[in-house]
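Report on the structure
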Amino acid sequence: MIRLDTENTTLLFSVDGNNILGVEYYGKRITDTNFDGLLSVHREPRAERLVASSFGAYDFRESSLLAEYADGTFVTRLRYCGHNFTKKPDISPLPSARDADETLEFCLWDEVTELTVKQYFSAYKKCDVITSFCVIENGGKSPCWLRKAMSLQLDLSGDKFEITTFNGAWGRERIPSRHKPGIGIFRNDSKSGASSAESNPLIYVEEKRGAKRHFAFNLLYSGNHLEEVEITSYNSVRILTGINDFMFRKKLMPCQAFTTPEAVMCVAESDEELETRMHAFVKRHIVRGEWAERERPVVFNNWEATYFDMTEEKILCLADGAAQIGAELFVLDDGWFGQRYDENSSMGDWYPNCKKLKDGLAGLADNLRGKGLKFGFWVEPEMISKNSDLYRAHPEYAMEIPGREPYIQRGEMMLDLTNPEVRQYLVDSLSHVMEECKADFIKWDFNRLMTDVFTVCGEMGAYFHEYILGLYEVIRNLTDRYPHVLFESCASGGGRMDLGLLCFMPQVWTSDNTDARDRIAIQEGTLFGYPQSVMSAHVSICPNHQTGDSTSIENRFNVASCGLLGFEIDFMKCTASDMETMRRQTEYYKQHRRLLQFGRYRKVESCFDSDRSVWMVLGENEAIAVIVELENKVCRHGEPYLLSGLDEESLYEVTMRPQCNVEQTLSFQATGSYLCNVGLVLGDLFADETDRHENSNSIASRMFYIRKIS
Ligand code: DGJ
């Protein structure tokens, strides 16, 4: 037996007499060290639980590998030919989790075609995560074609499982949906060229019998992905995750190798535990660079305040408001460049529109810095408009099929990032503009999906993948060159919240939907796989531009402060008292910023299970709890709110954050055991009339700071 352990979990492999490599066990850590006795009684055929599989070995399940050989055959029989503990290989341009504690390499081989598969497993011990990817090499004398190359295959016994996916759409990203699959194949995938809002690569799988383990899987990848869960009639389940095999046909010449993206898996005793482990993994092993553990600034973004109708005068006026409420960084959104007056032009022309900004970005940035604000700007580098100087000069840069009218979406086409010249153009033009204004922040947007895929530079069968490699090369180049700059990724809101981009850009714009009530669901869903320190959240105007609903400014803040706080609001439409409220909110947020951004997040009550949402962030000797009533009813007799994660033996002081719409204040002392077992009994704290008058929906929220006294 070969084992890989994390602090609390064990992954066990074994090799049988036919040199078949199998997975014996993945679950809670086991302490046995000698398996000799066990192996002699343990007679289940290894062929049922394979580390990697293909067609031709009498296994008719979905497989991790499918190769087509020059003679037209598809048979690959993988045999174990060795393993060793090694240094995790560098797989760039693909992103990779950093600082692995231990890496195990297995070598598998097909003796006829001489295809080899090196399957790697790396342990991240403290957060109980294991990652896996493989390198497939054509050791034969003729070319072959990879038709499927998954990163991770996990075979388990049993046939009662529940799956949770985090799917959605624009404005409602990553909403959990639970599935109870029977015998058959369950697929979660994306074919649009992006990890997508429609189906995030994160999935949870819960075993409903036996050990009742909870598993999570994810992928460090931003393109077409596939997660398959196949339950068979033979009481087994196979979980696969990796690049989608849709339109995939990658040629491998003799001696050439293909590396898959890195997949992530975690096992725990509950979904809550999975969430905590995934957060720790993202914080410690995915996000990197100067910003990894640094407190993030409170931003102001002008998009909802101006849309394309931006003038220097309006921007300066908004900047005054931003400085007044205590924001620290101004993000100039879409519309500052080329001849951009609507969405139909100028994509690719990354130079300032001097009719809108008379002194360009540099002049504006200086002006804003004079007001005490740092400066960042929006770009959508992967796109090109027909009506742009770039297209006029280089129509061949666009992703277009000769002889076919391209599909235009949001007025734009995509650039062909498989072309090295296009990648160079992006690095040069973006570096130029970033240097000119000494950018502190970049918001990297992506507003359409891929249709007219075509390349003269690469291989059509691997286009989607090669595009993503090209994208990673450009981003790696820029993020390495400008390590002080904070990059935020965005894709029409949160359409590319994935572990691949998070290796380069430490935060993501979560969703364009800033309605507090909808945001609670979006944030709760997102937090299943991604910590609050990567999740941007803004306070915006009411009625909300996406839903038309209104809710108090205090609700909007309480919800946004679950993530990286920003404001995206037209101050010209705010009253003096709103401004003062936002100033106080920002001050409070900054005071507790480390806790709010980097504390241990804990979902206490989920909006998906009840009409309340309660979450906490926990630090060493302090915590914050946010309580949201989603249906604040008249004349209600509320149940207490049980807190969680506090030290039951300790005494705490609980203080409600003062809110402009609540007259009462609350401050008291109680033990951890009281707060976790009896709970917060808020009496009529939610009965305040003002909440209801301000809202068109009936949500009401309160925030509490909890400090350990002894
Ligand atoms: C979509 C983003 O999600 C918005 O925040 C904004 O940046 C627009 N694009 C600008 O076009």
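Residues numbered from 1 in each chain as written. Predicted model: local features only at pLDDT ≥ 70, side-chain atom pairs only at ≥ 80, totals over all residues. Heavy atoms only, no water.

**What about the overall build of the protein chain?**
Across its full length, the protein chain holds 15 helices and 35 strands. Taken against the 2.2 N^0.38 rule, which gives 27 Å for 710 residues, the C-alpha radius of gyration of the protein chain at 26 Å falls within 12% of a compact globule. Pairs at least 24 residues apart make up 70% of the contacts formed inside the protein chain by residues separated by at least 6 positions. Accessible surface, the protein chain as shown: approximately 26,300 Å² in total, 50% of it carbon and sulfur. In the protein chain, the 78 positive side-chain charges and the 106 negative ones have mean positions that sit 2 Å from each other. (Helix = DSSP H or I, 4+ residues; strand = E, 2+ residues; numbered from the N terminus. Rg over C-alpha atoms; globule rule 2.2 N^0.38 Å. Contact = heavy atoms within 4.5 Å. Areas by Shrake-Rupley, 256 points an atom, 1.4 Å probe, with all protein chains shown as cover. Lys, Arg positive; Asp, Glu negative; His and termini not counted. Charge placed at Lys NZ, Arg CZ, Asp CG, Glu CD.)

**Here we look at the nonpolar core**
In this structure, Phe-13, Phe-121, Leu-332, Trp-336, Phe-377, Tyr-467 and Phe-571 are the most contacted members of the largest nonpolar core, which totals 186 residues. By size, the runner-up hydrophobic cluster in this structure holds 23 residues, among which are Val-614, Ala-625, Tyr-652 and Leu-685. (Core = buried A, V, L, I, M, F, W, Y, C linked by side-chain atoms within 4.5 Å. Buried < 20%, exposed > 50% of the residue type's maximum accessible area, 1.4 Å probe, protein only.)

**A word on the site of the ligand**
In the region of the ligand, 13 residues are neighbours, and Asp-333, Asp-334, Arg-410, Asp-445 and Asp-512 sit closest. Measuring from an oxygen atom of the ligand, one finds a backbone N or O atom of Gly-493 at 2.8 Å. Within the side chain of Asp-512, an N or O atom sits 2.5 Å from an oxygen atom of the ligand. Protein chains bury 98% of the 290 Å² of accessible surface belonging to the ligand in isolation. Residue classes in the shell around the ligand are distributed as four nonpolar, three polar and six charged. (Near = heavy atom within 4 Å. Polar contact = N/O pair within 3.5 Å; in protein donor to acceptor, adjacent residues only side chain to side chain. Nonpolar A, V, L, I, M, F, W, Y, C, P; charged D, E, K, R; others polar.)

**Some thoughts on the packing of aromatic side chains**
Evaluated as defined, the whole model comprises 26 aromatic pairs. Centre to centre, the rings of Phe-246 and Phe-464 are 6.2 Å apart; their planes meet at 35 degrees, and the pair counts as tilted. Here the residue Phe-246 occupies a position in the loop between strand 16 (236-243) and strand 17 (250-252), and Phe-464 occupies one in helix 8 (residues 463-481), the gap between them amounting to 218 residues. By relative accessible area, which is 10% here, Phe-464 ends up buried. Aromatic side chains Trp-336 and Phe-337 sit 5.2 Å apart centroid to centroid with 70 degrees between the ring planes, which places their arrangement in the edge-to-face category. Phe-337 sits in the buried class, given a relative accessible area of 0%. (Phe/Tyr/Trp six-rings, centres within 6.5 Å; stacked < 30°, edge-to-face > 60°.)

**Structural notes on the pattern of salt bridges**
Proximity of charged atoms lets side chains of opposite charge pair with each other. Scanning all chains against the criterion turns up 58 salt bridges. Linking Arg-187 and Glu-228 is a salt bridge whose minimum nitrogen-to-oxygen distance equals 3.4 Å. Remark: Glu-228 occurs in strand 15 (residues 225-231) and Arg-187 occurs in strand 12 (residues 184-189); sequence separation between them is 41 residues. On the basis of relative accessibility, which here comes to 39%, the residue Arg-187 falls in the partly exposed class. Through salt bridges with shared partners, one network takes in Glu-62, Lys-148, Arg-187, Asp-189, Lys-191 and Glu-228. (Salt bridge = Lys/Arg side-chain N within 4 Å of Asp/Glu carboxyl O.)

**Digging into the sheet that holds strand 2 (residues 9-15)**
Strands sit in the order 1-2-3 across an open sheet of three strands; the sheet is antiparallel. The two strands at the open ends of the sheet, each matched to only one other strand, are strand 1 (2-5) and strand 3 (21-28). Geometrically, the sheet is characterised by an average inter-axis angle of 15 degrees between neighbouring strands, direction not taken into account. Bridge count between strand 2 and strand 3: seven bridges; the pairing is antiparallel. By the bridge assignment for strand 3, Thr-9 is matched with Lys-28. (Pairing = 2+ DSSP bridges. Axes fitted to C-alpha atoms, helices over the stretch in contact; angles between N-to-C directions.)

**Remarks on the packing of helix 10 (residues 516-526) against helix 11 (residues 553-560)**
At a closest axis distance of 9 Å, the pairing of helix 10 and helix 11 adopts a crossing angle of 10 degrees. When the axes of helix 10 and helix 11 are compared, the pair comes out roughly parallel. Between helix 10 and helix 11, the residues in contact are Ala-516, Arg-519, Ile-520 and Gln-523 and Asn-555, Arg-556 and Val-559, respectively. The residue makeup of the contact of helix 10 with helix 11, split by class, is three nonpolar, two polar and two charged. (Parallel < 35°, antiparallel > 145°, perpendicular 65-115°, else oblique.)

**Considering unusual backbone geometry**
A cis amide bond links Ser-92 to the next residue, Pro-93, at an omega of 10 degrees. Going from Cys-542 to Pro-543, the amide bond is cis rather than trans, its omega being -5 degrees. Within the secondary structure layout, Pro-543 lies in the loop between strand 28 (535-540) and helix 11. One non-glycine residue, Met-247, lies in positive phi territory at about 55 degrees. Tracing the sequence through the fold places Met-247 in the loop between strand 16 and strand 17. For Met-247, a relative accessible area of 44% puts it in the partly exposed group. Notably, Ser-492 is not glycine yet its phi reads approximately 45 degrees, a positive angle.

**Quick word on the sheet that holds strand 33 (residues 651-656)**
An order of 30-31-32-35-33-34 is seen for the six strands of this open sheet, with the pairing classed as antiparallel. The sheet is open, and its two edges are formed by strand 30 (600-605) and strand 34 (667-671), each paired on a single side. Neighbour-to-neighbour, the strand axes of the sheet open up by a mean angle of 25 degrees, direction not taken into account. Each of strand 30, strand 31 (612-618) and strand 32 (622-629) touches helix 10; the most contacted strand, strand 30, lies at about 120 degrees to it.

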